Amino acid sequence: EVVVTGLSKAAQQNRMPAPISTVPRQSLLQNSSTNIIDALAHQPGMSQVTTGPGISKPVIRGLGYNRVVVVNDGIRQEGQQWGDEHGIEIDENAVDEVEILKGPASLVYGSDAMAGVINMISNNIIPDGKIKGNISTNYQTNNGLIDYSANLAGNHQGFIWDARFSNKLAHNYQNKYDGYVFNSGFRENAINLMLGLNKSWGYSHLTLSTYNLKPGIIEGERDSLTGKFVKAIALSNQTEGSEIAKNKDFVSYNPAVPYQKIHHYKAALNSNFYLKNGNLKIIFGFQQNQRQEYANILNPNEYGLYFLQNTLNYDINYVLNERNNLNLSFGANGMYQTSQNKGNEYLVPEYHLFDAGLFTILKKSFDKLDISGGLRLDSRNEISRDLFLDANEHKTESTSTGAFHKFKAFSSTFSGISGSIGATYQFSENLFTKLNISEGFRAPNIDELGSNGVHDGTVRYEIGNPGLKAEHNLQFDYALGLNTDHVLAEIDLFENDIRNYIFSHKLNNAKGADSITDGYETFKFFAGNAQLRGGEVKLDVHPHPLDWLHFENSFSYVRAEQRNQPDSTRYLPFIPPARFQSTLRANKRNGKIIRNAYIQVGLEYNFKQDKFYKAFGTETETPAYTLINLGTGTDICRKNKTIFSVYLSANNLADVAYQNHLSRLKYEDLDHATGRTGVYNMGRNISFKLIVPFEIK
C-alpha cells in the first residue's frame, strides 16, 4: 500500500522505516462505532480514552492527549486535546481513509507528535465531467443511535467541489449491570465543503467545515438505597434537588444538565505548485473551538466554563524533484494560538502561544535498500495571564479587597531538536525488514502548566505545575514482515524512553487520606523518566485454494514503567492492557447482483491490567474480559452498477458487562446497592448501515 503520512512524497508502506498502518474506507464501514476515534481504537497498537460513547481520545502505544497529533484537511486538529472529556471534532462520515503513524513524528508535525500521528484523509477527487454522491444511514440498537449523511461531489474541467452534511443523535446507552446510563446521550451535526482547482500548474483546495456536538456529562450519581441513577431537578423554592431518573429520561435524545456544547469551525487552504526543480506546498488554516459546559439546573441555558480558542496554522514545504533515487524536502510550520475564558468558572488560565519549526527530510533508495531520515528544530512560547477573583468568584482587580489569585501569570519557552534515521531492506519480493531510531519533543500543555480547578467533565480537581520541562523521547523500532499470496505476517517491536514524562497523580493530606478540594479528589502534575516497551504482531492467513477465506489475528502489548521508583509508583498511569484480536472472514467478490459480500466473526480478548499506578489510590486494577463480534454485508448491483450497500454488525454479542481500563467512567460513584464502583461500558449493540450511491454524467 502507498502512504503519505510523515513523508515528503508518497511511498510504499513496506519501504518506509517508521511503523505505519492504513485503515481504508471499507474497513471503517464494516465496523460499527459511535465516533471516528472509536472506529480506529481496535487497530493494533491503538486504544482510546473515553468519557461515554460521544467522547473518545486516541491513544497510540500507551500515549495519548497532547502526545498524539490528529491531522485533517492537511492541518493539525486543535481543540483543547488536554482534557479527558474533550473529543476529536471530526465527522466520521467525511473520512475516506486513515493513516496511523506510530512513534515520534516530530519531523513534519512538530511538538505533540511524539507518540504518533493520525492522518484522516478526505474523499479522492472524482474524474473530470462527473458528479457523484451518496446518501448513508446508520441505526444502532443499544443507544438508539441515528446517523445520516449526504454527499455530493463534482469535477468540471478542473473546477472541483465536494459537499457533505451529517447528523447524528443518540439517547442513553445501556449494559447488563447499570441498565441505561443516565445522561450518556449526545447530538452531533457537521457540514463540510471543499472548493478547488486542479490545473497543469498544480492545485489549490479550500476546505470549510463546521462541527457541533452536544454530549451529556455522565456524573454517575445514584440513589443510595436502590442504586438507580438520579438526576438534578429544580425545586419550586428555586433550590436544587434530585430524583430517580425515569424511563423517558433514558430514551430522550436531548442530554440533561450537565452537558457540553462544542462548536468547531475550520478553514484550510491547501495548495501545491509545480515548479521547475520541484513543487511548493503551502497550507494555511484557521480554527476556532468554542467549548461550553452547562451545569446549573436552576438556569440550564447558563454556561459555567466557556473556552474560546483560536488557532492559525501554517505549513510551507518545498519538495525537490527526485534525482538518482534521492528525495529531499525542507520547510517550516507551526501555529499561533490564543485561548480566552468567557464563562464564570475557571479551570485553566487564558494564554497565547506561538511555535515554529524548521525541518528537512531525506530519502535515498539503493535497489533493495531504502534509507531515510531528517532533522527538525522547534521552539514554542506559552504566556498565561493573571486572574483574580472576589469572594463570589467573579473577576476582579488585584488591588480589590479580599482578591484571590486564581491563576498566576507565567511565560515559558520550550525548544528542542528532533531527528530520525531509519532503513528498510527487501530480502525478496515477499520478505522485508525495518529499523528506525527517532527523537521526539513535546512542550507541556496549558493544563499541565497552569490548571487550578474542576468541572463536571472530570472526576477530580487538578493543579498545574509551571516548573515543568519539555518532554523528549528516544524510540527504537524494528519490524520484520512477510507478504505472500497466502500469508501476511508482521512483527513490530519498540522501546520508547521519555525524559521528563508528565503525568498527574492524587495528593494526600497530612493524615494520609485523600486531599479533597471543593468536594473532589485533588491531583497535581509531576514529571519523571519513563520507559515504554512493547509491540504488535499481525498474522493474516488466506490459503490457496481458499483465497476467499481470511483468518486475521493481532496482538498488542505495551509495558510502561517509571524509572527508579518503588512498586506503588513503578508503572505509569492509564496504560492500556495487552489485547488479542482474531477474526475469521469469508469474502465473495464477484457476482451479477451480489458483490463484495462478506461475513465475519471476531473475538477480542483484553488481558487483565494489574500493572497500574497504585500510589494514593490513583488507579485500580481492571479485570480481563472477552468480546465477541459478528458482521456481514454486501453490495447489491444491477448492470454493473452498485444500487446500494448494506452492512450489519453486532458488537459484544454475549452482552458482557465490562470496564475498559481507559474509561474515565470507571472511577464514578460507588453503587451502594451492588458494591460496584463506576459505570460500565456499552453492552450488546447491533448496527445497521445503508449506503445509496448515485452518479450524474
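As the structure is a prediction and not an experimental result, all values here were calculated from the model.

## Concerning the overall build of the protein chain
Here's step 1: Scanning the protein chain from N- to C-terminus turns up five helices and 42 strands.
Here's step 2: The C-alpha radius of gyration computed for the protein chain amounts to 25 Å, which stays within 12% of the reference 26 Å derived for 697 residues, consistent with globular compactness.
Here's step 3: Principal-axis analysis of the C-alpha atoms places the extent of the protein chain at approximately 70 × 55 × 50 Å.
Here's step 4: Going through the 697 residues of the protein chain one by one, you find that 56% of them count as buried.
Here's step 5: Intrachain contacts of the protein chain at a sequence separation of at least 6 include 66% that bridge at least 24 residues.
Here's step 6: Accessible surface, the protein chain as shown: approximately 29600 Å² in total, 56% of it carbon and sulfur.

## Digging into the nonpolar core
Here's step 1: Residues Leu40, Val98, Ile118, Met120 and Leu532 are the most contacted members of the largest nonpolar core, which totals 32 residues.
Here's step 2: For this core, the secondary-structure elements that each account for two or more residues are α2 (36–40), β7 (68–72), β9 (97–102), β10 (116–121), β34 (487–506), β36 (520–541) and β37 (549–562).
Here's step 3: The contact partners of leucine 532, leaving out residues within four places of it in the chain, are Arg61, Leu63, Phe494, Glu495, Asn496, Ile498, Val558, Arg559, Ala560 and Leu572.
Here's step 4: Grouped together as the second largest cluster of nonpolar side chains are 18 residues, Tyr351, Ile446, Leu449 and Ala470 included.

## Structural notes on the sheet that holds strand β5 (residues 56–60)
Here's step 1: The strand order β4-β5-β6 describes an open sheet built from three strands, whose pairing is antiparallel. Looking at which strands have only one partner, the edges of the open sheet turn out to be β4 (46–50) and β6 (63–64).
Here's step 2: Pairing geometry for β5 and β6, over two bridges, is antiparallel. Bridge pairing in β6 places valine 59 opposite glycine 64.

## Section: the packing of aromatic side chains
Here's step 1: Counted according to the given criterion, the structure contains 19 aromatic pairs.
Here's step 2: Both rings, one in tyrosine 259 and one in tyrosine 294, keep their centres 4.8 Å apart while their planes meet at 10 degrees; by these two values the pair is stacked. Residue tyrosine 259 is located in strand β20 (residues 259–274), and its partner tyrosine 294 is located in strand β21 (residues 278–294); the two are separated by 35 residues in the primary sequence.
Here's step 3: Overall, tyrosine 294 belongs to the buried group, its relative accessible area being 6%.
Here's step 4: Ring plane angle 75 degrees and centroid distance 5.0 Å describe the contact between tyrosine 303 and tyrosine 306, whose orientation is recorded as edge-to-face.
Here's step 5: A relative accessible area of 29% means that tyrosine 303 is categorised as partly exposed.
Here's step 6: Residue tyrosine 306 is classed as buried on the basis of its relative accessible area of 11%.
Here's step 7: Counting every residue linked through ring pairs, the aromatic cluster contains Tyr259, Tyr294, Tyr303 and Tyr306.

About the criteria used
Along every chain, residues carry numbers that run from 1 in the direction the sequence is written. For a predicted model such as this one, the threshold for reporting local features is a pLDDT of at least 70, and the threshold for listing and counting side-chain atom pairs is 80 or more; totals across whole chains, interfaces and linings nevertheless cover every residue. Side-chain descriptors were evaluated using all non-hydrogen atoms of the structure, hydrogens and water having been removed beforehand. Note on conventions: DSSP H or I runs of at least 4 residues are helices, E runs of at least 2 residues are strands, and numbering of each starts at the N terminus. We compute the radius of gyration over the C-alpha atoms and compare it with the globule rule, which gives 2.2 Å times the number of residues raised to the power 0.38. Per-residue accessibility, obtained with a 1.4 Å probe over protein chains only, is compared with the maximum for each type, and a residue is labelled buried under 20%, exposed over 50%, and partly exposed between these values. Any two residues having at least one pair of non-hydrogen atoms within 4.5 Å are treated as being in contact. Only the protein chains shown count as cover for residues, and all accessible areas are computed by the Shrake-Rupley method using a 1.4 Å probe. Throughout, nonpolar core names a set of buried Ala, Val, Leu, Ile, Met, Phe, Trp, Tyr and Cys residues whose side chains join them through atoms within 4.5 Å. Note: two strands are recorded as paired if DSSP finds a minimum of 2 bridges between them. Two rings belonging to Phe, Tyr or Trp (six-membered ring only in the last case) form a pair when the distance between their centres is within 6.5 Å. Interplanar angles under 30 degrees mark stacking, angles over 60 mark edge-to-face geometry, and anything in between is tilted.

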